[in-house]
Amino acid sequence: MASAHYVSTSCLTLDEADRIIYASIDIATATLGFCGSLYVILTTTAHNNEVGGAKNRKRRRVQANHVIVLCLAISTLFACTCVLAKSIQLLAIEQPNTSVYPGHTVSSKHWYRYIDIPISFLGTFFYISTFMWTFCYALDIYLQLRDKNVPHRSYHVLCWGFAGILSGLQIVLSHFATHPPYPYCLLPSDHALAKYLSFYVTIAVVMVSLPVLFLLSLAEIRRAQMGRGRFTENERKVLRAIAWKFFFIVMIFVYGWCANFVNGFYMVIKTEDKWDSPFVFYVLEALSNPMQGFFNAFVFGKHEVAKRWIRSCISKRFRRRRTNINIDSEFYNSDELLRSTVEDSEP
């Protein structure tokens, strides 16, 4: 990702082959993540417009908050964009200089920092936003089950504000808080530790809180079903469907950020006085970080909307004669009946 590591992009001491491998993987996974995030944004927006918009719709219990889903998709979309920019930068810039300060690296061009700073800040900002919006998704479902409605503005302040504070802290520690005799690519140990903790502690907190909140939500759903005096096979199927969705959300987050968490733990406990990651962690993070947006498409995307779009395109292209039946309208109505049944049972 853009700035999860101690060093900036222009300070990465990778040979030419490693740079090509790392950047190529990043470009491939970021493209998939970008497409998945765009899919969620388009289908969620279309679904919200179809049901009358947020202001004209009452939120039901155990219903995914479309604002949170949309903001999560926007965060992953721009995070993948920053990964693409970082990869292009890595392929275009010169190798860092290691001769001025033996054992440490210095950016080969001083003006590289003016490229590093915006990419690092925006990449960190949007990735931390994905942590927070994922957390708020789980929190909002639990609060709905407890009959507590939190205004959307509170979620915006929490997610965007917290991400902005941590991202700004990392930029200050990386680029503006250093002083002689520390060169550009060399930070004091306390600065490097603070930068790591500000990012990886957030990952750890969300990674632990997600399953806890989802388990509490499942307990509330089961209690509500039992409270009606019956717990039939239909109720069990609904509970299983919700449990599987929660499970996949947790696993997607763990897959996306487990490598970062292990890398951060390794960097903190290792004894060498050199804050740099083994290349294998760069590869693992390139394979996993941007893919959160791609896998989120399967969990948060409104697939009934996409199916209607595909059906509409096919029917318009291959329709050979006009009839009095509006095929798209009939399909829309039948899908609405299906949605009205499913939405009552899905988060």
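Residues numbered from 1 in each chain as written. Predicted model: local features only at pLDDT ≥ 70, side-chain atom pairs only at ≥ 80, totals over all residues. Heavy atoms only, no water.

1. Section: the overall build of the protein chain
Summing up its helical and strand segments, the protein chain has 10 helices and 0 strands in all. Secondary structure elements of the protein chain occur, N-terminal to C-terminal, as α-α-α-α-α-α-α-α-α-α. Within the span of the protein chain, comprising 347 residues, buried residues form 50% of the whole. The contacts in the protein chain between residues at least 6 apart in sequence include a share of 82% that link residues at least 24 apart. Roughly 17300 Å² of accessible area belongs to the protein chain as shown, and the carbon and sulfur atoms make up 66% of that amount. (Helix = DSSP H or I, 4+ residues; strand = E, 2+ residues; numbered from the N terminus. Buried < 20%, exposed > 50% of the residue type's maximum accessible area, 1.4 Å probe, protein only. Contact = heavy atoms within 4.5 Å. Areas by Shrake-Rupley, 256 points an atom, 1.4 Å probe, with all protein chains shown as cover.)

2. Overview of the packing of helix α2 (residues 66–92) against helix α8 (residues 291–300)
The interhelical angle for the contact between α2 and α8, taken along N-to-C directions, is 160°, at an axis separation of 10 Å. Compared by their axis directions, α2 and α8 come out roughly antiparallel. The two elements α2 and α8 cross, and the hand of that crossing is left-handed. Facing α2, whose interface residues are V69, L72 and T76, α8 presents G293, N296 and F300. Class assignment of the residues belonging to the contact of α2 with α8 gives a composition of 3 nonpolar, 3 polar and no charged. (Axes fitted to C-alpha atoms, helices over the stretch in contact; angles between N-to-C directions. Parallel < 35°, antiparallel > 145°, perpendicular 65-115°, else oblique. Left-handed = near helix turned anticlockwise from the far one by under 90°. Nonpolar A, V, L, I, M, F, W, Y, C, P; charged D, E, K, R; others polar.)

3. Overview of the packing of aromatic side chains
Counted under the stated rule, the structure contains 17 aromatic pairs. A centroid spacing of 4.7 Å and a plane angle of 85° characterise the contact between F131 and W257, whose relative ring orientation is edge-to-face. Note that F131 is positioned in helix α3 (residues 113–145) and W257 in helix α6 (residues 233–269), a separation of 126 residues in sequence. For W257, a relative accessible area of 0% translates into the label buried. A centroid spacing of 5.6 Å and a plane angle of 65° characterise the contact between W133 and W160, whose relative ring orientation is edge-to-face. Within this pair, whereas W133 is found in helix α3, its partner W160 is found in helix α4 (residues 152–176), the two being separated by 27 residues in sequence. Relative accessible area serves as the criterion here: at 0%, W133 is assigned to the buried category. Residue W160 is classed as partly exposed on the basis of its relative accessible area of 24%. (Phe/Tyr/Trp six-rings, centres within 6.5 Å; stacked < 30°, edge-to-face > 60°.)

4. Re the pattern of salt bridges
A side chain of one charge can pair with a side chain of the opposite charge if their charged atoms are brought near each other. Tallying each qualifying case throughout the model produces 3 salt bridges. K86 serves as the salt-bridge partner of D26, at 2.5 Å between the closest nitrogen and oxygen. Here D26 is found in helix α1 (residues 16–50), whereas its partner K86 is found in helix α2, with 60 residues between them in sequence. Here D26 matches K86 in class, with each residue buried. The partner of R146 in a salt bridge is E220, and the shortest N-O contact between them spans 2.9 Å. A residue pair is termed long-range when its members are at least 10 positions apart, and R146 in the loop between α3 and α4 and E220 in helix α5 (residues 189–227) qualify at 74 residues. For E220, a relative accessible area of 12% gives the class buried. Overlapping salt bridges, with partners in common, bring together R146, E220 and R223 in one network. (Salt bridge = Lys/Arg side-chain N within 4 Å of Asp/Glu carboxyl O.)

5. So, a nonpolar patch on the surface
A cluster of nonpolar side chains, contributed by W244, F247, F248 and M251, occupies part of the molecular surface with about 430 Å² of accessible area. Relative to the helices and strands, F248 resides in helix α6. (Patch = residues over 30% accessible without salt bridge, like charges linked within 9 Å, V, L, I, M, F, W, Y side chains within 5 Å.)

6. Remarks on the environment of I203
Locating I203 in the fold gives a position in helix α5. As a C-alpha pair, I203 and W257 span 54 residues in sequence and 7.2 Å in three-dimensional space. Excluding residues within four positions of it along the chain, I203 makes contact with F131, F253, W257, N260 and F261.

7. A closer look at the confidence of the model for the protein chain
Mean pLDDT for the protein chain: 78, with 72% of residues reaching 70 or above. The lowest-confidence element of the protein chain is helix α10 (residues 327–342), averaging 39 in pLDDT; the highest-confidence one is α8, averaging 93. (pLDDT = per-residue confidence, 0-100.)

8. Let's talk about the packing of α1 against helix α7 (residues 279–288)
Relative to each other, α1 and α7 sit at 15°, their axes nearing to 8 Å. Comparing their axes, α7 and α1 come out roughly parallel. For the pair α1 and α7, the crossing hand works out as left-handed. The segment α1 lies against α7, with D18, I21, Y22, I25, D26 and T29 engaging F279, Y282, V283, A286 and L287. Counted by class, the contact of α1 with α7 contains 8 nonpolar, 1 polar and 2 charged residues.

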